[in-house]
Amino acid sequence: QHGVLPQDGGQWEAIKQGAVCFVSFIVFGLVPVAGFMLQYFFRKATDDLLDTLLFTYSFTALTLFVMGCTKAKLTGQGGCLMSGAVMVFNGTIAGGAAFVIGELLTTAF
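Here the residue numbers are simple positions, counted from 1 along each chain's written sequence. Only residues with pLDDT of at least 70 get local features here, since the model is predicted, and only at 80 or more are side-chain atom pairs given and counted; chain-wide, interface and lining totals rely on the full set of residues. Heavy atoms from the whole structure form the basis of all side-chain values; hydrogens and water molecules are not counted.

### Overview of helix 4 (residues 80–108)
Quick reminder: α-helices carry 3.6 residues per turn. Residues three or four places apart thus point the same way.
Argument step 1. The first and last C-alpha atoms of helix 4 sit 42 Å apart over 29 residues, in line with the 42 Å expected at 1.5 Å per residue.
Argument step 2. Exposure categories follow from relative accessible area, calculated using a 1.4 Å probe and restricted to protein chains: below 20% of the type maximum is buried, above 50% is exposed, and the middle band is partly exposed. Helix and strand assignments follow DSSP, with helices taken as H or I runs no shorter than four residues and strands as E runs no shorter than two, numbered in order from the N terminus. Among the residues of helix 4, Ser 83, Gly 84 and Val 88 are the ones counted as buried.
Argument step 3. The contact criterion used throughout is that any non-hydrogen atoms of two residues lie within 4.5 Å. Against the buried residues of helix 4 lie helix 3 (49–75). Multiplying 1.5 Å by the helix residue count minus one yields the expected span of that helix.

### Points about the layout of surface pockets
Argument step 1. Here a cavity is any set of points on a 1 Å grid over the protein atoms alone where a 1.4 Å probe fits but cannot get out, and a pocket is any open set with protein on both sides within 12 Å along at least 5 of 7 lines; a residue lines the site when it has an atom within 4 Å of a point. Grid points are joined across faces, edges and corners, and a volume is the space filled by probe spheres set on the points. In this model, the largest pocket occupies a volume close to 480 Å³.
Argument step 2. Of all the elements in the fold, those that place two or more residues in the lining of the largest pocket are helix 1 (10–29), helix 2 (31–43), helix 3 and helix 4.
Argument step 3. If you tally residues by element for the lining of the largest pocket, the top one is helix 3, at nine residues.

### A closer look at the environment of Cys 69
Argument step 1. Assignment of secondary structure puts Cys 69 in helix 3.
Argument step 2. Note on Cys 69: relative accessible area 10%, which makes it buried.
Argument step 3. Residue contacts for Cys 69: discarding those within four places in its chain leaves Cys 80 and Gly 84.

### Considering helix 3
Argument step 1. The end-to-end C-alpha distance of helix 3 is 38 Å, a good match for the 39 Å that 27 residues give at a rise of 1.5 Å each.
Argument step 2. Buried within helix 3 are the following residues: Thr 52, Thr 56, Thr 60, Ala 61, Thr 63, Leu 64, Gly 68, Cys 69 and Ala 72.
Argument step 3. In the stretch just after helix 3, Gly 76 is the one whose phi turns positive, near 70 degrees.

So yeah, pure geometry; function would need other evidence.
And the structure:
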């Protein structure tokens, strides 16, 4: 009635959507790590943490922006620039919080 329960053949649709979500998580979850790897291989690894973080953040922010634009185009919700900016903002807050918590735990232990 509310479109929550799967229709006929919905089981395979749910499995397909789950697989797409899983692959997307793996691919886009590797983007921040790929930023570190690219800098290591092409810039011969630097000890400057700020330089490494800026490079990786730029690479990740660009990917988040493209994801936001793609979401806007596929769903028809909002403009590309606004959706991309919101995605970058949310990703920055989440990534920044994870970094700060990691630094605090490293210092504490």
